[in-house]
Each structure stands twice: as C-alpha cells, then as structure tokens.
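Take a look at the letters that make up each chain.
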Number of protein chains: 2
Amino acid sequence: MVLTLEGKDDTLLPDFPKGPLQPYRARASFSWKELLLFLEGEEMLRFKRTIFSALENDPLFAQHRGADLPLEKYRELTFLRCKRVFEYDFLSAEDMLQTPLKILAIIHCLGMYDWSLATKYFLHTLVFSSSIYNLGTDRHFMYIPKIFNMEIFGCFALTELSHGSNTKGIQTTAHYDPSSEEFIIHSPDFKASKFWVGNMGKTATHAVVYAQLHTPGGQCHGLHAFVVQIRDPKTLLPMPGVMVGDIGRKLGQNGLDNGFAVFHKVRIPRRDLLNRTGDVTPEGTYVTPFKDDRRRFGASLGSLSFGRASIMGMSIINLKLALCITIRFSATRRQFGPTDADEIPILEYQMQQWRLLPYLAATYALDHFYKSLFLDLTEFQRGLQTQDRSARQAELGREIHALSSAGKPLASWMVQRGIQECREACGGHGYLAVNRLGELRDDNDPNCTYEGDNNVLLQQTSNYLLGLLDDRTRDGARFESPLKTVDFLEGYPGILSQRFTCPSVGDGWDTTVSLEAYRWLVCYLLQESARELSRQRSLGSSDFDARNNSQVYHCRSLALAFMEFTVAQRFHDFTHSPSVPPSLRGVLGRLSALYVLWSLHSHLASLYQGGYFSGEHAGKMMETAILDLCSQLKGDAVALVDVLAPPDFVLDAPIGRADGELTQSRLQLAEQAPLVLGGAGHVPLVACDSHDPHDPHESGTAPPLSFQCGSSGRKQRGFLSYIELYRNLWAAVLQESKVLERASWWPEFSAKKPVVGSLKPKL
Amino acid sequence: MVLTLEGKDDTLLPDFPKGPLQPYRARASFSWKELLLFLEGEEMLRFKRTIFSALENDPLFAQHRGADLPLEKYRELTFLRCKRVFEYDFLSAEDMLQTPLKILAIIHCLGMYDWSLATKYFLHTLVFSSSIYNLGTDRHFMYIPKIFNMEIFGCFALTELSHGSNTKGIQTTAHYDPSSEEFIIHSPDFKASKFWVGNMGKTATHAVVYAQLHTPGGQCHGLHAFVVQIRDPKTLLPMPGVMVGDIGRKLGQNGLDNGFAVFHKVRIPRRDLLNRTGDVTPEGTYVTPFKDDRRRFGASLGSLSFGRASIMGMSIINLKLALCITIRFSATRRQFGPTDADEIPILEYQMQQWRLLPYLAATYALDHFYKSLFLDLTEFQRGLQTQDRSARQAELGREIHALSSAGKPLASWMVQRGIQECREACGGHGYLAVNRLGELRDDNDPNCTYEGDNNVLLQQTSNYLLGLLDDRTRDGARFESPLKTVDFLEGYPGILSQRFTCPSVGDGWDTTVSLEAYRWLVCYLLQESARELSRQRSLGSSDFDARNNSQVYHCRSLALAFMEFTVAQRFHDFTHSPSVPPSLRGVLGRLSALYVLWSLHSHLASLYQGGYFSGEHAGKMMETAILDLCSQLKGDAVALVDVLAPPDFVLDAPIGRADGELTQSRLQLAEQAPLVLGGAGHVPLVACDSHDPHDPHESGTAPPLSFQCGSSGRKQRGFLSYIELYRNLWAAVLQESKVLERASWWPEFSAKKPVVGSLKPKL
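From a predicted model like this one, the values you see are computed outputs, not experimental measurements. In every chain, residue numbers begin from 1 and rise along the written sequence. Here every chain gets a letter starting at A, and every ligand a number starting at 1, in the order they are written. Where local features are concerned, this predicted model is filtered to residues with pLDDT of at least 70; where side-chain atom pairs are given and counted, the filter is 80 or more; whole-chain, interface and lining totals use all residues. To obtain the side-chain values, all non-hydrogen atoms of the structure were used and water was disregarded.

Student: Summarise the relation of the copies chain B and chain A; cite the residues concerned and give the values.
Tutor: The two copies are related by a screw operation: chain B maps onto chain A through 180 degrees of rotation and 0.0 Å of translation along the axis, at an RMSD of 0.0 Å. Given the turn and translation reported, the copies of this chain are related as if by a two-fold rotation axis. Distance from the rotation axis, computed per C-alpha, reaches its smallest value in chain B at Ala 605 of chain B: 2.0 Å. Any pair of residues with heavy atoms lying within 4.5 Å of one another is described as a contacting pair. Of the residues that chain B buries at the interface, 99% are likewise interface residues in chain A, meaning the two copies contact each other through the same surface. Copy-to-copy alignment: least squares on C-alpha atoms, limited to residues at pLDDT 70 or above in both.

So, in structure tokens, the structure goes:
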C-alpha cells in the first residue's frame, strides 16, 4: 500500500491553496495526504478524482445551488446528467459486478455532487439491475445490456400508497392465466397503487413490481417480483392499462422523479416472473427450489441488506460534506475573545468542539463500518450466486440483515442530527441556501424512512438478538455468528456481574474501558428486553402486543446499543491493527476513543441504573475524557476534513471552500475586486473614483475602490475601502440574479397604497 | 369566562366533519370546545376565527404549497398579502399597544398560514415600530402613523456580516458632525455590512440601524440606534451612499426578503438618533439620563426579551401545526395488526404514542408559559414607559431576560426536534412537500439562531443564576426575584441533601414528585457549575476561558434544567388552579404530568450521578409512568389537536385534514370522483365505461369507474373500481400540474441515446 506521495503526481493530491486555514493545517499531528492514501489507496483515489474532474470540466454540471430552478427543469437536467454519466462510462457493467467498493465510489462521487443525480443513476443501474440479477435467472439476463446502454430505464416498485412498512400487506396481485401463459398485474384499488417509486414519475420504461402471486384455483403464494413494462421506450407514453404519474414536490431530491402507478389488468408474459426463489409452470403449478423455509427467508433477507448498507454510506457522505463546511467555517469565523479587539476562531471554543468533533469521529467510524459491511455483503452475494444453501450462508444472511437493519437507523439518525448541529453551528450563514447545509439535511432525511422506517427496522435487530438468547435458553445453543458480532454474548452472565472500576488518573480513559462498558450495556439491555417481553406475556398480552409494548426503553435501546458497540469495536480493531502506519496511530486512536465514549455517554443513565456505574466520579471522568479528546482533536480537525472533502466545485459551499477565504486582505482584493464584482451576474458594477484624501474614514495606503450600480435607473454609489471581506460568501451572494435590483413589483408599494381598514373582515 | 357553548354561534365553533377520526373523537375524556373556550376565551377565539375567515375567503390567499413559485413571485405575493392585511386592519395601532395577547394572536394566525407573511408584517409593524417607540422619544413618534398607513416600510438592522452573536463588536459607526448637526453613518468595510435584515432585501424604506456613536474629539459611547432612510418611498430606489440588496435564497421563509446594506458616509439629521438612553446635544456633547449602569443595563436587556418571547410563541405554533397533521394521520393510517387482515391505526402503537404525545404535552405547557411571560413583559414595558427606575424594575428586567434567554432555546430546539419526529412519524407521506412538515421545519429552523444563538443565549441564564449564588455567598443576599422563579433556591443546601423516595405503587407517580426532583436537579447543577467555574479559575484560567470551559455538561445543562422546571411549575400551577373546570382537570393534569416527567427523564443520568436516585427501580418507575401517561392520553390525542388546529384551509396538509379522510368508501367516491378528478388541474380526466361483468377482479356492487387521460397524445386508460382511496392525499397529488403528462424532454430519452463510453474522462 502506498502511504507516501514520493513520486506521486501532484494532480492527484495537490496542496490546498494558502489562506486563513493555514495555521490549523500547520498544527495537524499528521499528514492529511498520508491518511487519505492509507484509507483509500491510490487506485480508488485516482478513480474518484477522475470522476470529480470530469464533472468539474463539463458545463452540463455547472452548479445552480440556490437558484430558481423549476421542478421540470431540474428533472430534465438530472436526466441529462445521468445520460452524460453513461457517456463517461466511468465503470463498465463488468467492473461494477467485480469491484464492489468502486460501485460505492461512483455513487458517492455523484452523491457528493447531487443526490438527485446519484439516486437516479443508482436506482437504474444498481437497484433495478441487481433485482433482476439476484431475483431472476438466465432468462432475464437479456435485460442487463439494455439497462447499461439505456435502451430501457428502470425502477423498483415495492411500496404502495397504504403499505410501506408492512410489505407483507402489499395488495397488488399477479394472477396466472394458463390459457395465454401470462400474468395479469392488477391494483385492486388506489390504496394499492405503487407509490414513492424513484424514476417512475417521468422516466422509467420498466419496473420490478412486487405482487401477490396467485395460481389458478385461487392459491396465493405470497410476494413475488415481476418485470413490468410501464412506458413505451420510443415515446415515453404509458403502456395500456398503466396509469403512471409523478407524486410531486418532496422535501429534497427534487431532481429525481418519484412516481405512482396503478395497474389495470396488465398482461405480461410468464417469463417475466423473476423466478429464482419460486416459479410457475406453463400449466400453472407453483414450484420452488427451497425446502427449508428458514433458509429461504435468510437468503432473501440478505439481499434486502444491500439497500440498507448503501443508505448507511449515503448518510455518511452527507455528514462528511456538512462537517467539511462547518469545521472550515469554524476555523476562520471569529467571534468574541479575551479582549474586544482580539476575537478568536469559534473552533477554539470548547462548546463548538463538543458540538462538532464527536460527529467527525462518528463519521470516520461509520465510514469504516459500512465499507466493511459492504465487503461482508459481497461475500454473501457470492454465496447466493453459487447457490450456497448451507446453514452458514443462511446465518450470514440473518446476521447481515440484523447489522444493516440497525446500521441504517444508526447512521441516518446520527447524520440527520449532525447536519442540524452543523446548520446551527454556522449560525445565520448556515441558513443561507448557497451554503448547502439545508439541502444536505433535506436530501438525507428520507434515509430515515426508505428501505424501512428506522424504528420499525430496529425491531429486526432486537428480534435477532432475542432469538439467539431464546435458542440458548431453550436449546443451549452458543452465541455465535459468521461475522462474530454476537460471540461476546456467550459470556453474558459473567459480564452482567461485572462492575466498572475507574481507571487511575494517570492511565486516563482507555478505549478498552469503554468497550468493556458497552459489552456490559448490551448484555444488560438484552436481559431487560427479554424480561420486559416475558412480563408483558405474563400479563396476558398476545405476542403482537407484547412485542409492541417492549420497544420503548427496551428493545429499541438494545438494538441501537448493540449497533454502536459493533461499529465501535470494528473501528477500534481497525485503528489498532498493525497495518496502521505509526504516524497515523495517534489521530486514529483518538477518533476511535472519542466515538465510543461519546456514544456510550448517551447511555449514561442505563450504566447507573443497572448498577455498572456508581458514584459521581465515574460519569464525571467520562465527561472529562470526552472534552479532553475534543480538545486534543481540535488541532487535527481541519486536516481531518481535508481528508474527507471533495474538490471545492463539488462541495460547492462558499463558507466551506478549501482556501478558507472568509476574509481577504485589502491589497489582494484591490487587485481582484473588479473581477469579482464584474462576475456579479446581472449587476454591472463600474469602478469609479470617489476618493477623498481628507476623509477621516480613509487612512489606508491603497486607494479606495468605489463603484456604481447602473441597473436600477439611478446610480447606486458605494465603496470598497478598507476592503477585507468575507470573499467567498460575498462573491456568491453577489452572483445571484437581481441582488441589487429594485423589485419588479415596486409600484405595489410606491403607488398603490393600501387604504387601511378598507376591507371589513367578518366571521 | 364562558365555558360552554350553550347559545353560542355555530360558526364560531362548528362541529368537525364526520369521518374516520370520529372513533377517536368519541373516545375523548373532555369536550374540545370547552377546553378551547377555557384556554382562549370567546373574544380571542372570535378574533382569530375572523382573521382565518378573511384569509380563506380572499383569493389573494389561495394556497400554493408544493407548487413552483419563483423567488421573486413569492416575495411579491407576500408583499401583496401584507398590504392586504393592512386593508383588513384586524387590529388598530392603538389596540396593538393595549391588548398585548391580540398582537400575538394576529402574528400567530398569519404565521399558521405562512411565516414569510407573518414575519414581514411583524418586523414592520412590531419590531420596527416598537424599536422607535421604546428607544426613541416624542420627537420620533411622527414615524408611527407612517408605519401604520404604510407610507414607509421598516426593518431592524443590528447583525453584521461578521458579527452576529457578539453585538458589542458591531463596526458600523455614527460620527456626529456639529457643523451640520448630522450623524454620518458609515460601514468601515464589507464585513461590517448589515446582513440578514428581514424586509431590507427589497422592501424597506427605513431601517433602525445600530452603530457605534462617536462624538467630536474621538470619544466612542458604544452602540446606539438610529433611524436611517435607505430607499426612496416614491421609487424604492436606494438613497445616495446606501448599497442595499437581497442576500438570496434561504432554507425557509423565502417569501421574506432578507437583505444587506453597506453605508458610505450617509448623513442623517441629529434628531434621528433614538435617544431614550443617550443623546447628543447640538454642540456634540453626549448626555444620558441613567446614572446607575447596572439599572440601565437591566432596563435595556428587558426590551430585548420581547423578540425572544415572541420567538418562543412562533416555535410553539410550528409544533402545534406539525402535531395536528401527524396525530390526525396517525389516527387514520393503519399498518400491521394482530392478524394480517386486521391492521390497526399507528396511534395505537406505544412507540408512536411515545414519539408524539410528550411533544403534545410540551406544546400545551410551553404555550401557557410564553403567554404568561408575555404578560410579565407587558408589566415590565409599562415600567419603562413610566420611567420606573426602581430596583424592582431593574430586577424584573434581569429576571425576564434570564427567562427569555433560556426560553427561546428550549422552545426552538424542542420544536425543531419535534417537527423532525413528526416528519419521520408520517413516514414517506411526511416527506411529500404538500403535507407541509418540511416547510414547518425549515421555517422554524432560524428560531434556533436569530435573536441570539441558542447556546450563546443560554449563558445569559446560567450567568444570572450563578450571579445570584455569588451574591448570596458573598453578601448573604436572599435568592428572590420579582416573578419568584428563583425563590426556591433559597432552600438549596437542604434540597441538595434530599434523596428520592419511591412513591408506593398504589399512589403512582404524582407531578409533585417530579417537581421535587427538578428542584434538586437545578440545585445540583448550580452547585456543579459553580464548582467547575472555580476549578477552572484555580487552574489559572482567565475568566473568559473559565466560563467557556464550564458550559458543556455544566452551565448549559443548568440553564436548560432551570427553564424546563420553570415552565413545568407554571403549567402545574395553572392546571391545578381552582379556575380549571372539573371536566378539564383530568386531561390538563395528565398533560402537565407527562411534560414534567418526560423533560426530567432527559436528566436521568444526572439524577443518578448526583446520588438523588439510586437503584434500578427509580428509573424504571419513571419510564413506566411516562408510558402509562402516553397510553392514558392516547384517547384524548385527537381532541387535543382539534383544540390547537386552525381551519383546514390554514393548516393546508392533505393528511392532516379535519375530516381524516385518508380513505373513503366506494359509494361516496363513485359520487364524487368525477368532481375530484375533474379538478385535477391540467389533466382532463373523462369517465368512460370498461366494466367487464365476467372479470374476477370486479366483485363489488357499485359499477367500476374508468377514465381516460387525454392530454398525452395517446389515451391513458385506467380505472377506479374498488374505490377506497387516500382521498385528500390523492386529490392533492392529482391537482399538481403535469402529474400524468409525459416529460417535455422525452426525446432526450427516446431519440437521443447516449453512446456509452463516448467521452473519455481523465484526471
């Protein structure tokens, strides 16, 4: 693995421009280039930079953030960009199937640029194609090349208007008609319309549609997936019997066309049933290759995990971007100080460190985790392809399902909270659209909902753990799983009897202490959840009620704590492995320590309540350790976001640019100002001289720069003396259209005055 | 006070339409009309309904939510609506000054409709005018009538580009020139531009501008406020020397024009200094009527509290709306159930109750609190007007400052989290723009930032409490304050030695138990904060550093806990007062109990850590009590949001309508469907007959309804048999433009195919 840049091309990892971030960069305990190379490897880095560079140099990808872009235009632009990505062909279809992390890389590069584009591309090339690939058989593979040359455009249609979480309740039907060897796809009512389906609104020609399969005689065999053509690729008009449309504006990702479809007895050929797990013979008999229901269930669960693991990754990307913007801003924005004249960067405040740096640590920890989970998933995927029907394969499916079912909630919530914290930590500037934090929050938000509502999904994980406990109690089965995430539970009675022993002051708080506490916590919550469940049952509750009434404060907490622990343990193992270069061990160790402590702190009440902690000192030590770690990481924070940051063009937030130029010296600006102001869109600014040598306001050496704004009918006079401005933000503000122009509706104020009280309201 | 509706006009409180919410409404333990009349009184209710009714009946206020509205158009519309509000003249200028709660009522009615409008109106008629009224003297009152007939339009300009929180660092200057008896308003550089100022972007003709006042000889007398004309009312063009513009798109409230201004030696007459607390003689001598700096400070602090108390109210409005939408949706949306066929409303799930009902309780508690704080403020305001310079008036100013400084953070954060929870609790439907939850979140967001960043503001409150502790330690002064919010601290050494005693099972958990725990908690956090501060100082830290390093886990927690307790105590006193009708005591008592317990639970770790709680049982009892209260309030939840809900026209969220019509029976829709579909904007839908009596899909009694969509060049055929649809949501989706239409850019897919790999990206 290449860890230094000797002999490397400067275009791969160019130095950042000099500027106000320099002092923090100089303070870093490590080289950001070395960490980036260590984490990504040169090939991946080159791959990502190639994508970024293509976008930056292509006028189709010019950024319009904060501009007025009508919905239809934004969708058109997103489609055109998606098509352009096909033309670039960054990764061929074959590479996609073989280099899983590169698939993620391309999605993430596009997502860093714009999630509407990434999702559009992802749903077509990955979700649609892999559904066909994984759920279908040879007879369906003819669709694959058509996907990759865009002959057809695909979408994935599971959710219905009235059934999201409860997919078993899906009402679309597929009746088999042996006389014509066709399935009849039908929506019994409008509540059964497919709803929310990305790409369906305006673009998709084909959909993978989930429906209840019925064979002649009335037997229902449950949910199966079908390929259904919904539009004519030659005209993009709907196929007969299909009512398809756009569900309208959403909170975010509005470049993507989410849609609905109602099927009115749409006939499709028998071959378009995706038949890997179940098929219908021409005569109408249902057949399945699976004998063991539990194994079939495990196998099918595993394949749902792909979407959830992907969402973890998407969420993390959003927090990476938000932290780049916010930490760079915090390192240059000054407010208050020991004296009135001496304001300090807000990153120097313990409060600001505490608000941001734990999220930075969490970003690194979760970034590592989802990548490793993705590799676990590809192992599982290989098993599917090779028809592995072993117990291990099924167990692997269940374990991965449990991890992705809690991993998605953990990541999407953490990121949603983190972006909100970033928005607020940038104050008013975070509320300006041009600084992108709002868009990140809005685009991240659906990650909490799709592929399973977070709270509902967490039950999958707690059920998994409670099931293992049941197996052990009933059958004496060991706690063990292919990825070993549950193996520590084998020691659970002993762990539960442990009590926290304060590390001595000299030793400080080691991460192993935190991990030990987490093990106790998971065991405690597992025991408490099991007790609550059986208490509910003993009160006469049905299983349905008992489970529902054991979620709050019990099963939900269990699933989250187990997940946090798993993420923390993997990140700890990674950061403490011998492969880590000595020069990076310090900073990675601190990130790992902060993530686990900060997460654990959210369970402080349980640690006390369950008796693991006692006395005031334990909690205080924990809090002191968190604040100490924040303080230690403060000097590394800018370099740590430099590792995560895409190029300025992609990050596209004036207050988060790599040059940190909130401010600029008078001399620099005097040179550049005509250019900056000349670029101000519709506002022609003409430099003119109003220098008054006797004016007490002008005492600098450079001549003041004045300008007129000539677009409003009257000259608007101003000046740029003592120039030291928030350059990037100002440039962005002035580049918007009509910034200085009078409102078009000015006579509504000036001429048409209201007659107060002229209208008489009545009830 | 009128508590029953006997003899009341049905138009004041009409019954809700029948529908799926009926079963929950029937279950309520109280009459929503009685509670509404008790809380609001008939006059206020009539006033609000009159405003709502005017909006609903005026085509200028037709709702466009989710539509493509260009920024400029939205701002024009907002201005026109603002002007129309003047024409309605709901409340005269005189009434405004005399009936404080009606001022709030009008802002809140407008805010429920659209915050851009409410803020535009509020900044002009209230913030601008009350700044002149409170900071100015007789010579400025000539501005007041001009404000209320809209001859001029105002804004309030304090914040600068580089100084938001640190207002003492404001850099705009006002030099007095005795030769012309003028002030010269000047921005020394662009960082000193006024920034974020609402109404300044496009509309305002006059601004209250804060600047550092300098008298001849170079003496600076600190920040003072001036009335500065920035635009010509006859043309809306900027005045000479003023560069004024729009800061562009924000995350929300985009109907409001926030702006910036740079002043280049703008001369204004001496009389336009707002001179209540300091003046300059014609010759240039600075004079002030205040002798005691502390009292002057107290007096000026109090007047800042008005904005913060208003923001509390605005925040609560947002949560009211979000909860109306979400709880009505939760009572009708069904998902999962004991059997596959028997799905239950999601409000029946303990998890959903726990996610929403504590926020409902908090809404009631905080709603009561900010109204009572507003009345305290008007008492304080009267003191200002009567030139009361007593110690009590100054203490009242300090106390109200402390309450509003923590009240705004508590309310705005709670609401921001609450809306996010509502968004998620509505699943995908909450992510549709038309359902308004995103807009509420975006419009509420700046409440966390303006009038003081929440974290910075909290320091005002902790400083106030720590100051009282200092006074007591040093001088033996008693803990007491005009509003008695701190009086309980007088017993603090005794309170600190108390320990929690579990209520016996039969008694349950009474609110007095929670309030007692809160008293201990505030005392504990006060003690710990004071200890941390002195520990920091003993390590040699400056006061600046010691304070900054005592915020996290200490002063910040102290301020929040004190505020929660104060809100809870006032709500408890209110709900347990003899004026509460017996029929309402049950539900109000449960709301009070839930708010205090739920808030207290967020401090569970501190209760254990400080030794007030010990053993597993205490925490468990608390959690059981919270869940029990949620369950008890479940049946009242719909009626409780009925009390808070504005008319459907104002709430404007299809899934939150008062009829709860997510679903509708086949027969009803068969009658109405042509109408519903005929209203589908640009999509003409023509009923046609495709009924097939032999079709196995059709087994109902009513004939199926089919339709053609004729707008796409080809007929799109569908059907509406088995009609039972999410009526309101469907109607909203279908009313958007071009829902079913083919994308205008369809040839980009159908004809212009990408040549995969035709572009070669390189680094």
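On we go from here.
Student: Could you give an account of the sheet that holds strand β4 (residues 194–198) of chain A, with specific residues and numbers?
Tutor: Residue and element names in this part refer to chain A. Should DSSP find at least two bridges between two strands, the strands are taken to pair. In this text, helices come from DSSP runs of H or I with a minimum length of four residues, and strands from runs of E with a minimum of two, each type numbered from the N-terminal end. Taken together, three strands build an open sheet; the order of strands is β4-β8-β7 and the sheet is antiparallel. Looking along the sheet, the strands with just one partner apiece sit at the ends: β4 and β7 (242–246). On average, each strand axis in the sheet is inclined to that of its neighbour by 30 degrees, with strand direction left out of account. Examined bridge by bridge, β7 and strand β8 (residues 258–263) share five bridges and lie antiparallel to one another. Paired with Gly 245 across the bridge in β8 is Phe 260. Where helices are involved, their axes are fitted lines through C-alpha atoms of the stretch in contact, as for all axes, and angles between N-to-C directions lie from 0 to 180°.

Student: Give me the lowdown on the interface of chain B and chain A, citing residues and values where you can.
Tutor: On the side of chain A, 186 residues touch chain B, which itself brings 187 residues to the contact. Two parts lose some accessible area (1.4 Å probe) when they are put together, and adding that loss for both gives the buried area. For the pair chain B and chain A, the two sides together bury roughly 16000 Å², of which 60% comes from carbon and sulfur. What makes a salt bridge here is a side-chain nitrogen of Lys or Arg within 4 Å of a carboxyl oxygen of Asp or Glu, nothing more. Put simply, chain B and chain A have 12 salt bridges between them. Glu 748 of chain B is paired through a salt bridge with Lys 83 of chain A; the nearest N and O atoms lie 2.9 Å apart.

Student: Explain helix α10 (residues 350–385) of chain B to me, using residue names and the numbers behind them.
Tutor: All names here are of chain B. Any helix carries an expected span of 1.5 Å times its number of residues minus one. Spanning 36 residues, α10 covers 52 Å between terminal C-alpha atoms, matching the ideal 52 Å at 1.5 Å per step. In this scheme, the bend at a residue equals the angle between the axes fitted to the seven residues that finish there and the seven that begin there. Of all the bends in α10, the greatest reaches close to 25 degrees and is centred on Leu 356; the proline Pro 358 follows between one and four positions later. The cut-offs for exposure are 20% and 50% of the maximum accessible area for each residue type, with area from a 1.4 Å probe on protein chains only; residues under the lower value are buried, those over the upper are exposed, and the others partly exposed. Most of α10 is tucked away, with 31 of its 36 residues classed as buried. Just downstream of α10, Gln 387 is the residue with a positive phi angle, here 60 degrees.

Student: Explain the packing of helix α11 (residues 391–425) of chain B against helix α13 (residues 454–475) of chain B to me, using residue names and the numbers behind them.
Tutor: All names here are of chain B. In the contact formed by α11 and α13, the axes pass within 8 Å of each other and the chain directions differ by 145 degrees. When the axes of α11 and α13 are compared, the crossing they make is left-handed. Residue-level contacts link Arg 398, Glu 399, His 401, Ala 402, Ser 405, Ala 406, Lys 408, Pro 409, Ser 412 and Trp 413 of α11 to Asn 454, Asn 455, Leu 457, Leu 458, Gln 460, Thr 461 and Tyr 464 of α13. The classification used treats Ala, Val, Leu, Ile, Met, Phe, Trp, Tyr, Cys and Pro as nonpolar, Asp, Glu, Lys and Arg as charged, and all other residues, Gly among them, as polar. Here the contact of α11 with α13 is composed, by residue class, of seven nonpolar, seven polar and three charged. By definition, any crossing whose near helix is turned counterclockwise from its far helix by less than a right angle is left-handed, and any crossing with a clockwise turn is right-handed.

Student: How would you explain the sheet that holds strand β4 (residues 194–198) of chain B if you had to name every residue and give the values?
Tutor: Residue and element names in this part refer to chain B. The strand order across the open sheet built from three strands is β4-β8-β7, with neighbouring strands paired in antiparallel fashion. Every other strand in the sheet has two partners, leaving β4 and β7 (242–246) as the edge strands with one partner each. For this sheet, the mean angle separating the axes of adjacent strands, direction not counted, is 30 degrees.

Student: Can you explain the environment of Met 414 of chain B? Please cite residues and give values.
Tutor: Residue and element names in this part refer to chain B. Locating Met 414 in the fold gives a position in helix α11. Taking the C-alpha atoms as reference points, Met 414 and Ser 315, separated by 99 residues in sequence, lie 8.7 Å from one another. For Met 414, the contacting residues outside a window of four places in its chain are Leu 319, Tyr 359, Ala 362, Leu 366 and Pro 409.

Student: Quick rundown of the packing of aromatic side chains? Include the residues and the values.
Tutor: A pair of Phe, Tyr and Trp rings is counted when the ring centres sit within 6.5 Å of each other, with Trp represented by its six-membered ring. The angle between the planes then sorts it: under 30 degrees is stacked, over 60 is edge-to-face, the rest tilted. In the structure shown here, the tally under the stated rule is 62 aromatic pairs over all chains. Seen from their ring centres, Phe 156 of chain A and Tyr 210 of chain A are 5.5 Å apart, and the 70 degrees between their planes marks the pair as edge-to-face. Taken together, the residues span a long stretch of sequence, with Phe 156 of chain A in strand β1 (residues 154–157) and Tyr 210 of chain A in strand β5 (residues 206–215) at a distance of 54 residues. Judged by its relative accessible area of 15%, Tyr 210 of chain A falls in the buried class. On the numbers, 6.2 Å between centres and 40 degrees between planes, the contact of Tyr 518 of chain B with Phe 565 of chain B is tilted. Taken together, the positions of Tyr 518 of chain B in helix α15 (residues 511–538) and Phe 565 of chain B in helix α17 (residues 551–575) put the pair 47 residues apart, joining distant regions of the chain. The same class applies to Tyr 518 of chain B and to Phe 565 of chain B, which are both buried. Only Lys NZ and Arg CZ are tested; either one counts as a charge over a ring when it is within 6 Å of the ring centre and within 35 degrees of the ring normal. Directly above the aromatic system of Trp 746 of chain A lies the positively charged group of Arg 742 of chain A, at a separation of 3.8 Å from the ring centroid.

Interpretation in functional terms is not warranted from these geometric data alone.
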